[in-house]
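Notes for the structure review
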Amino acid sequence: MPLIIVSGLPTSGKSTRAKQLYDYLSTRIAESEPSKYRLHLISDDSLSISRAVYDLSPNTVRLHTRSANSSEKDARAALYGAVKRVLSDRDFVILDGLNYIKGWRYQLHCEAKAMRTPNCILRVACPVDQAREVNEERLRRTRAQTEKRDEEKKDDSEPERDPSELEHEGGNNITEPYQPGNWDNLVFRYEEPNPMTRWDSPLFALLWDDDEAQTKRTFDDLWDAMAGEGRKVIKPNQSTIQRGRDAGGDYLYVLERETQDIVKRILEQQGDDGGGEVRVALNASDKEDLIVDLPAGRKVGLPQLQRLRRAFVGLNRGGIGLESVGNMASDGMREVFVRYLNDAFERDE
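Note that the structure is predicted; figures quoted are calculated from it, not measured.

**Description of empty space enclosed by the protein**
Counted according to the given criterion, the structure contains two cavities of 30 Å³ or more. One number sums up the size of the largest cavity: a volume of about 80 Å³. In terms of lining, the largest cavity is formed by Y54, R76, L79, G97, L98, N99, Y100, I101 and W104. Class assignment of the residues belonging to the lining of the largest cavity gives a composition of six nonpolar, two polar and one charged.

Shown next as structure tokens:
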């Protein structure tokens, strides 16, 4: 089931919203009879990852480390492994974290697509000044707790510990703050989700001031998109084809010829206003014609078709699937190229 990636500025209320979403989904899943979904909440806190791993300040980098951000890479690897272990078509996975790098979100999108399960982004929006104030308040509370502990400490020989450990002592619930330099650096590096990209879509947003009613409406929309009747069917990657050893004729020649013929048919059959369907015949008489669904409202020109054709040929001209024993005849090339075009036109709409 869906992978829900929570993203936002540091100390913007992501964990609070993630817990609210967890409670909401728990209720929705319990209402389904029989219950067919499982629910997981993965975060830095659940994996005991400190906020300090994101600190790239020179004075915090230890000697002989692999790189300046090696600890950050290790943290992302731990999160990725935790997500991969539980992600399936029966599991809701909420990933609560910064998730501020678009390349990281793209990696998670590819993992979800490989599992044929949808993914979405839950953006927690908060003004920068307000998020900074929250972090400063946490710093003040942590310092106050440290000073109180030092005053009460009677044994001077007791070793000093990191102030971040205090949040687990004496029933205190002080969330670990970011150091000011680390916080500013994370805000500077934050790459906002863009709903125009497929790995950041669909995008749902919650504001800091959203009340309970608005929060529930957003969660309802998220549920409908990820698990409702309007849930989008996730297709595996169909950009490449398997090349058989015994394909008739020269492989590259046949690949060029068949793709050029389909481009020619599209240019000849599409209407003046664009859109509609183009039928592509197969050599085998017992198979139905292939259908190319053109984007509505605009005409597809030769430059766009040739660009898609060259990209498809480039993906399949190498030794892709050379170990396959199947026969990649001309009809197989036509079928895969038509699927490739339909996927491309669907993404452009």
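Moving on from the coordinates now.
**A word on the nonpolar core**
Grouped together as the largest cluster of nonpolar side chains are 28 residues, with contacts concentrated most on L3, I42, Y54, L79, L95 and L108. Mapped by element, the contributors of at least two residues to this core are β1 (3–8), α2 (70–86), β3 (91–96), α3 (102–114) and α5 (180–189). Here this core takes five residues from α2, the largest share from any one element. Excluding anything up to four places from it in sequence, Y54 contacts D44, E72, A75, L79, L98, Y100, N182, L186 and R189.

**Observations concerning the pattern of salt bridges**
Side chains carrying opposite charge are able to pair once their charged atoms draw close together. Under the defined criterion, the tally for this structure stands at 18 salt bridges. We note a salt bridge from D91 to R38, for which the minimum N-O separation is 2.9 Å. In this pair, D91 sits in strand β3 while R38 sits in strand β2 (residues 38–43), placing the two residues 53 residues apart along the sequence. Taking the relative accessible area as the measure of exposure, D91 reaches 2% and is therefore buried. We note a salt bridge from E72 to R189, for which the minimum N-O separation is 3.0 Å. Highlighted residues: E72 in helix α2 and R189 in helix α5, separated in sequence by 117 residues. Accessibility expressed as a relative area gives 0% for E72, which makes it buried. A residue is classified by how much of its surface remains accessible, and R189, at 22% relative accessible area, is partly exposed. What emerges from the salt-bridge pattern is a single network uniting R257, E258, D261, R265 and R334.

**What to know about the sheet that holds β1**
If you walk across this open sheet you meet the five strands as β2-β3-β1-β4-β5, and the pairing is parallel. Each end of this open sheet is capped by a strand with a single partner; those strands are β2 and β5 (203–207). When the angles between neighbouring strand axes are averaged without regard to direction, this sheet yields 20°. Strand contacts of helix α1 (residues 14–31): β1, β2, β3, β4 (119–125) and β5, with the helix running at about 170° to β3, the strand carrying the most contacts.

**Notes on the packing of helix α7 (residues 251–269) against helix α9 (residues 330–348)**
At a minimum axis distance of 10 Å, the contact between α7 and α9 shows a crossing angle of 50°. The orientation of α7 with respect to α9, classified from their angle, is oblique. Where α7 crosses over α9, the handedness of that crossing is right-handed. Residues Y251, V254, L255, R257, E258, T259, D261, I262, V263, R265 and I266 of α7 lie in contact with α9, whose contacting residues are S330, M333, R334, F337, V338 and L341. The residue makeup of the contact of α7 with α9, split by class, is ten nonpolar, two polar and five charged.

Thresholds applied
Residues numbered from 1 in each chain as written. Predicted model: local features only at pLDDT ≥ 70, side-chain atom pairs only at ≥ 80, totals over all residues. Heavy atoms only, no water. 1 Å grid on protein atoms, 1.4 Å probe; cavity = no way out; pocket = protein on both sides within 12 Å on 5 of 7 lines; lining within 4 Å. Points joined across faces, edges and corners; volume = space filled by probe spheres on them. Nonpolar A, V, L, I, M, F, W, Y, C, P; charged D, E, K, R; others polar. Core = buried A, V, L, I, M, F, W, Y, C linked by side-chain atoms within 4.5 Å. Buried < 20%, exposed > 50% of the residue type's maximum accessible area, 1.4 Å probe, protein only. Helix = DSSP H or I, 4+ residues; strand = E, 2+ residues; numbered from the N terminus. Contact = heavy atoms within 4.5 Å. Salt bridge = Lys/Arg side-chain N within 4 Å of Asp/Glu carboxyl O. Pairing = 2+ DSSP bridges. Axes fitted to C-alpha atoms, helices over the stretch in contact; angles between N-to-C directions. Parallel < 35°, antiparallel > 145°, perpendicular 65-115°, else oblique. Left-handed = near helix turned anticlockwise from the far one by under 90°.

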